[in-house]
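# Structure assessment
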Amino acid sequence: MENYIDILMGYVYSYGPKLILAILTLWIGFKVIRKMTILLELAIERKEVDLSLRKFLSSLFNILMKTLLILSVISIVGVDTTSFVAILASAGFAIGMALQGSLGNFAGGVLILFFKPFKVGDVIEAQGFIGAVNSIQVFNTVLKTPDNKTIIIPNGPLAGGPITNYTLEKTRRVDFTFGIGYGDDIKKARDVIKSIIEADERILKDPTYMIAVGALADSSVNLTVRVWTKTEDYWDVFFDMTESVKVKFDENSISIPFPQTDIHIHNTK
């Protein structure tokens, strides 16, 4: 019995201080990690990052820091942590290879949610699709097309490719090309277009509009017209002005050339 007591006391003397130090390190470490996690959440919140991503990043940080803390505590006690690190590294590598595509999409989702090239409700063009952003998820972005189709785009290629955001700016320029006949009066056509523009309150005064001869085409003189409007009025202005120009040209006997073929018959003896 005395031998067992001596062996036990030997373990107490050898591992007692290390165990106390490990427990103290663990207790202080958990408190420090908790404070660091709160500070990280506040820093990310100032960036106005999406709530779901904010929670995910703070949880990921918390888990990683606690894992490192536990490995440090095990090392303090005297246990060799080399095997633990090797196992974790091997598991991480295997998981990374298996989820390579998903991790790429996750990384893309983090970039999109953090840097915000677009937000929910914006109309964008990316990866060959145009639509309003319905939701931004960690792995995918969901678009709704004007004809109510749902497009799901992986965030990896979306974040790494070109993105056109049609609604990011408050104003947009609307471009038109109106063709008139070579025999028509350019000044008269310009005055008709000018009257339509100035009568439309949705067209902005600043920047001012432009009406100019854009090209002398094969069968028409093309007038290039550029006006500015609020982004939400873009399509209304486009469709209404296109119709108004046709109606006013007809009223003022200004022709709009269209493809046609002239056949000449010669009566020869």
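Before reading further, recall that the structure is shown in the block above.
These figures come from a predicted structure and were not determined experimentally.

## A word on the overall build of the chain
- Scanning the chain from terminus to terminus reveals seven helices and eight strands.
- When the 269 residues of the chain are sorted by exposure, 26% land in the buried category.
- Put simply, of all contacts in the chain between residues at least 6 apart along the chain, 62% involve residues at least 24 apart.
- Per element, the accessible surface of the chain, about 18300 Å² overall, is 62% carbon and sulfur.

## Things to note about a nonpolar patch on the surface
- A contiguous nonpolar patch, built from Leu-24, Trp-27, Ile-28, Val-32 and Met-36 and spanning about 460 Å² of accessible area, is present on the exposed surface.
- Here Leu-24 shows up in helix α1 (residues 2-46).

## Details of the pairing of strand β4 (residues 150-154)
- Of the two faces of β4, only one is covered, namely that formed by Ile-151 and Ile-153; the face formed by Thr-150, Ile-152 and Pro-154 stays uncovered.
- Counted along the chain from strand β3 (residues 140-144) to the antiparallel partner β4, the turn is five residues long, and its residue Asn-148 has a positive phi close to 70 degrees.

## A word on the environment of Leu-64
- Position of Leu-64 among the secondary structure elements: in helix α2 (residues 51-77).
- Taking relative accessible area as the criterion, Leu-64 reaches 49% and is therefore assigned partly exposed.
- C-alpha of Leu-64 to C-alpha of Ile-33: the two residues are 31 residues apart in sequence and 10.0 Å apart in space.

## Structural notes on the pattern of salt bridges
- Applying the stated rule across the entire model yields eight salt bridges.
- Note that Lys-187 and Asp-191 form a salt bridge whose closest N and O atoms lie 3.1 Å from each other. Of this pair, Lys-187 and Asp-191 both sit in helix α6 (residues 186-199), four residues apart, roughly one helical turn.
- A network of salt bridges, in which partner residues are shared, links Asp-200, Arg-202 and Asp-240.

## Notes on the side chain of Thr-229
- Structurally, Thr-229 can be placed in strand β8 (residues 221-230).
- At 2.9 Å, the side chain of Thr-229 forms a polar contact with the backbone oxygen of Arg-202.
- Every residue in contact with Thr-229, bar those within four places of it in the chain, is listed here: Lys-170, Thr-171, Arg-172, Val-174, Arg-202, Leu-204, Tyr-234 and Val-237.

## Topic: the sheet that holds strand β6 (residues 171-180)
- Pairing is antiparallel in the open sheet, where three strands are placed in the order β6-β8-β7. Strands at the two margins of the open sheet, each flanked by one partner only, are β6 and β7 (210-216). Here the average twist between neighbouring strands, direction ignored, is 25 degrees.
- With six bridges joining them, β7 and β8 adopt antiparallel strand pairing. For Val-213, the partnering residue across the bridge sits in β8 and is Leu-223.
- Where helix α7 (residues 234-251) meets the sheet, it contacts β6 and β8, and its direction lies at approximately 20 degrees from that of β6.

## What about the layout of surface pockets?
- Each pocket or cavity is described by its volume, and for the second largest pocket that value is around 260 Å³.
- In terms of lining, the second largest pocket is formed by 14 residues, of which the most central are Val-123, Tyr-166, Thr-167, Arg-172 and Trp-235.
- For the lining of the second largest pocket, the secondary structure elements donating two or more residues are β2 (129-136) and α7.

## Brief notes about the sheet that holds β4
- Across the sheet, which stays open at both edges, the five strands sit in the order β4-β3-β2-β1-β5 with antiparallel pairing between neighbours. The two strands at the open ends of the sheet, each matched to only one other strand, are β4 and β5 (163-165). Strand-to-strand twist in this sheet, taken as the mean axis angle between neighbours without regard to direction, amounts to 40 degrees.
- With four bridges joining them, β2 and β3 adopt antiparallel strand pairing. From the neighbouring strand, Ala-132 faces β3, where its bridge partner is Lys-144.

## Quick notes on the side chain of Asp-122
- Relative to the helices and strands, Asp-122 resides in the loop between α4 (100-115) and β1 (123-126).
- With relative accessibility at 4%, the residue Asp-122 sits in the buried group.
- Only 3.3 Å separates the side chain of Asp-122 from the side chain of Thr-167, close enough to count as a polar contact.
- Those residues in contact with Asp-122 that lie beyond four places of it in its chain are Gly-131, Ala-132, Val-133, Asn-165 and Thr-167.

The rules behind each value
- Residues numbered from 1 in each chain as written.
- Predicted model: local features only at pLDDT ≥ 70, side-chain atom pairs only at ≥ 80, totals over all residues.
- Heavy atoms only, no water.
- Helix = DSSP H or I, 4+ residues; strand = E, 2+ residues; numbered from the N terminus.
- Buried < 20%, exposed > 50% of the residue type's maximum accessible area, 1.4 Å probe, protein only.
- Contact = heavy atoms within 4.5 Å.
- Areas by Shrake-Rupley, 256 points an atom, 1.4 Å probe, with all protein chains shown as cover.
- Patch = residues over 30% accessible without salt bridge, like charges linked within 9 Å, V, L, I, M, F, W, Y side chains within 5 Å.
- Salt bridge = Lys/Arg side-chain N within 4 Å of Asp/Glu carboxyl O.
- Pairing = 2+ DSSP bridges.
- Polar contact = N/O pair within 3.5 Å; in protein donor to acceptor, adjacent residues only side chain to side chain.
- Axes fitted to C-alpha atoms, helices over the stretch in contact; angles between N-to-C directions.
- 1 Å grid on protein atoms, 1.4 Å probe; cavity = no way out; pocket = protein on both sides within 12 Å on 5 of 7 lines; lining within 4 Å.
- Points joined across faces, edges and corners; volume = space filled by probe spheres on them.

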